[in-house]
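Residue-level structural notes
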Amino acid sequence: METSRRTVIAAAAAAGITAATIGTAHASGGRKPEKELFGKLADGTKVHRWSLENGGTRLKVLSYGGIVQSLEIPDRHGRYKNVSLGFDTIEDYVADSPYFGALIGRYGNRIAKGQFTLDGKSHQLSVNDGVNSLHGGTKGFDKHVWDVEGFTSGSDVGLVLHYTSIDGEMGYPGTLRAKVTYTLTRHGDWRVDYEATTDKATVVNLTSHVYWNLAGEGSGSIYDHELQIAAARYTPVDSGLIPTGELAKVAGTPFDFRRTKTVGRDIRVAHQQLLYGKGIDHNWALDKGITAKPQQVATLRDPSSGRTLKIATTEPGLQFYSGNFLDGTLVGTGGHIYRQGDALCLETQHFPDSPNHPSFPSTVLRPGQTYRTSTVHSFGA
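The paragraphs below set out a description of the structure included in this document. In every chain, residue numbers begin from 1 and rise along the written sequence. Given that the model is predicted, a residue must reach a pLDDT of at least 70 before its local features are reported, and side-chain atom pairs must reach 80 or more before they are shown or counted; all residues, however, enter totals for whole chains, interfaces and linings. Note: side-chain values were computed over all heavy atoms of the structure, leaving out hydrogens and water.

1. Here we look at the overall build of the protein
The line we're drawing: Here a helix means four or more residues in a row that DSSP labels H or I, a strand means two or more in a row labelled E, and each is numbered from the N terminus. Contact criterion: two residues are considered in contact whenever any of their non-hydrogen atoms come within 4.5 Å of each other. Where accessible areas are quoted, they stem from the Shrake-Rupley method and a 1.4 Å probe; at the residue level, only the protein chains shown are allowed to cover.
The helix and strand inventory of the protein stands at four helices and 29 strands. Once the C-alpha set of the protein is aligned to its principal axes, its extents read approximately 65 × 50 × 40 Å. By sequence separation, contacts in the protein at least 24 residues apart represent 66% of the contacts at least 6 residues apart. When the accessible surface of the protein is summed, it comes to about 15200 Å², and 49% of that surface belongs to carbon and sulfur atoms.

Below is the structure:
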């Protein structure tokens, strides 16, 4: 049975682990964000790492790509582990990262053939996934250095990240000014608030691409993790992982997570959609749709450690990716090789390829409007 963060801290204290060790918030709030040099890009640009701690959660974020380099939470006994995949050096992130922990933009997920038409004008985007555009193209938001400022606000601590994408970057129209706020609350929740404005009509779909393993980074497969998703429908894809436009029922398929089940229970069922994705790499159309405030849509639990992750969002979609393309060629922060199924992603979003599917929730942003979405990650054990 899941316990509260206070119960975990109390149990740890009884076991002789101090409050300072477990990282509880001070009376005046969490620890002030700390900044250090992480490395330099080939052109000499400095990349900094910011460290935050509050409510029992420890977070490290890079200015490069807004990357979550590590996120540490305690298990049922108060023992910490990093539960997100990543690298130790900036060189590794630049050379060959499959979006570990990164902010994704301008458009999270895929756009068919890198093309869309808006207000009668056709746009050709950067293509980087076969014939399609993925996660913003060859140099999306994950590959830029963001301006970052730390803050404390009451009992909360956090970071404000800014990036301006110029008109025509990766083929997208309009100068887009993006602002993303990472907040660690006194309860240890990690909240992400996205904002953007534009000077021309454009499309935008921002998300975060953390690879989760609640047993700990590098600990092995997540197939025994238990997952629940509040969605009765998902968007089937073609062989290029582009949505067909259908909103299919999950009932009777491996994609039915309405009731909690292990990630691996049906992942090797002979289903055409699983063959296309080499596992799960699909968008769920959340039952709640778009909401003004974050509502809970998914719960992930690791039975071995007791750690849980609950996700609440304002977004209408959730991309569940089961780490199918981790192929044993990458070595992570803990010195372990990452293999297929060693982590999963739960990316809150609008639907893939929405600009080419008028029936999907719109991702169009116009001058005078402000794009806003929010996602909250709550941890327990």
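Still to come is the rest of the account.
2. A short note on the environment of Tyr223
Tracing the sequence through the fold places Tyr223 in the loop between strand E16 (207–209) and strand E17 (226–229). The sequence separation of Tyr223 and Val297 amounts to 74 residues, and the corresponding C-alpha distance is 20 Å. In this structure, Tyr223 is in contact with Thr262, Val263, Gly264, Ile267, Arg268, Gln340 and Gly341, ignoring residues within four places of it in sequence.

3. Some thoughts on the side chain of Asn82
The test is simple: Think of a polar contact as two N or O atoms within 3.5 Å of one another; within protein, one of them needs to be a possible hydrogen donor and the other a possible acceptor, and neighboring residues in sequence only count if both atoms come from side chains.
Positionally, Asn82 belongs in strand E5 (residues 80–82). At 3.0 Å, the side chain of Asn82 forms a polar contact with the backbone nitrogen of Leu71. Excluding its chain neighbours within four sequence positions, the residues that come into contact with Asn82 are Gln69, Ser70, Leu71, Glu72, Gly216, Glu217 and Thr333.

4. Quick word on the nonpolar core
Here is the rule: Among the buried residues, those of types Ala, Val, Leu, Ile, Met, Phe, Trp, Tyr and Cys that are joined through side-chain atoms within 4.5 Å form a nonpolar core. Relative accessible area decides the class of each residue, using a 1.4 Å probe on protein chains only: under 20% of the type maximum gives buried, over 50% gives exposed, and in between gives partly exposed.
Ranked by size, the top nonpolar core spans 58 residues in total, and within it Trp190, Trp284 and Phe320 carry the most contacts. The biggest single contributor to this core is strand E13 (residues 176–184), with five residues. When near neighbours in sequence (up to four residues on either side) are disregarded, Trp284 contacts Ile229, Ala231, Arg233, Tyr234, Val250, Phe255, Phe257, Pro316, Gly317, Leu318 and Phe320. Formed by 22 residues, the second largest nonpolar core is a distinct cluster that contains Leu62, Tyr64, Phe100 and Tyr338.

5. Digging into the sheet that holds strand E21 (residues 281–285)
Convention followed: Strands pair, by our definition, only if DSSP identifies at least two bridges between them.
Taken in spatial order, the five strands of this open sheet run E19-E18-E21-E24-E27, and their pairing is antiparallel. In the strand order of this sheet, the two ends are held by strand E19 (248–249) and strand E27 (345–349), each with one partner.

6. With respect to the sheet that holds strand E4 (residues 68–74)
Quick note on the threshold: Convention adopted: a line fitted to C-alpha atoms gives each axis, helices being fitted over their contacting stretch, and angles between N-to-C directions are expressed from 0 to 180 degrees.
Spatial ordering of the open sheet is given by E1-E2-E3-E4-E5, a layout of five strands whose pairing is antiparallel. Two strands lie at the open edges of the sheet, namely strand E1 (31–40) and E5, each paired on one side alone. Across the sheet, the mean angle separating the axes of adjacent strands is 15° when strand polarity is ignored.

7. Points about the packing of aromatic side chains
Selection rule: Pairs were defined over the aromatic rings of Phe, Tyr and Trp, the Trp ring being its six-membered one, requiring ring centres within 6.5 Å. Orientation was assigned from the angle between planes: stacked under 30 degrees, edge-to-face over 60, tilted for the rest.
What the rule picks out here adds up to 19 aromatic pairs. When the ring of Phe116 is compared with that of Tyr172, the centres are 6.5 Å apart and the planes differ by 35°; the resulting orientation is tilted. Highlighted residues: Phe116 in strand E8 (residues 115–118) and Tyr172 in the loop between strand E12 (156–165) and E13, separated in sequence by 56 residues. Owing to a relative accessible area of 2%, Phe116 belongs among the buried residues under this scheme. With centroids separated by 5.8 Å and ring planes inclined at 55°, the aromatic side chains of Phe255 and Trp284 adopt a geometry described as tilted. One end of the pair, Phe255, is in the loop between E19 and strand E20 (261–262); the other, Trp284, is in strand E21, with 29 residues separating them in the sequence. Owing to a relative accessible area of 0%, Phe255 belongs among the buried residues under this scheme. Judged by relative accessible area, which is 0%, Trp284 ranks as buried. An aromatic cluster is present here, built from Phe87, Tyr93, Phe100, Tyr211, Tyr321, Phe325 and Tyr338 joined pairwise through their rings.

8. Regarding the pairing of E21
Burial analysis of E21 places five of its five residues in the buried class, which makes it a mostly covered element. Going residue by residue along E21, you find Asp281, Asn283 and Ala285 tucked away on one face and His282 and Trp284 tucked away on the opposite face as well. Judged from the three bridges that link them, strand E18 (residues 233–235) and E21 form a sheet pairing that is antiparallel. Counterpart to Thr235 in the pairing with E21 is Asn283.

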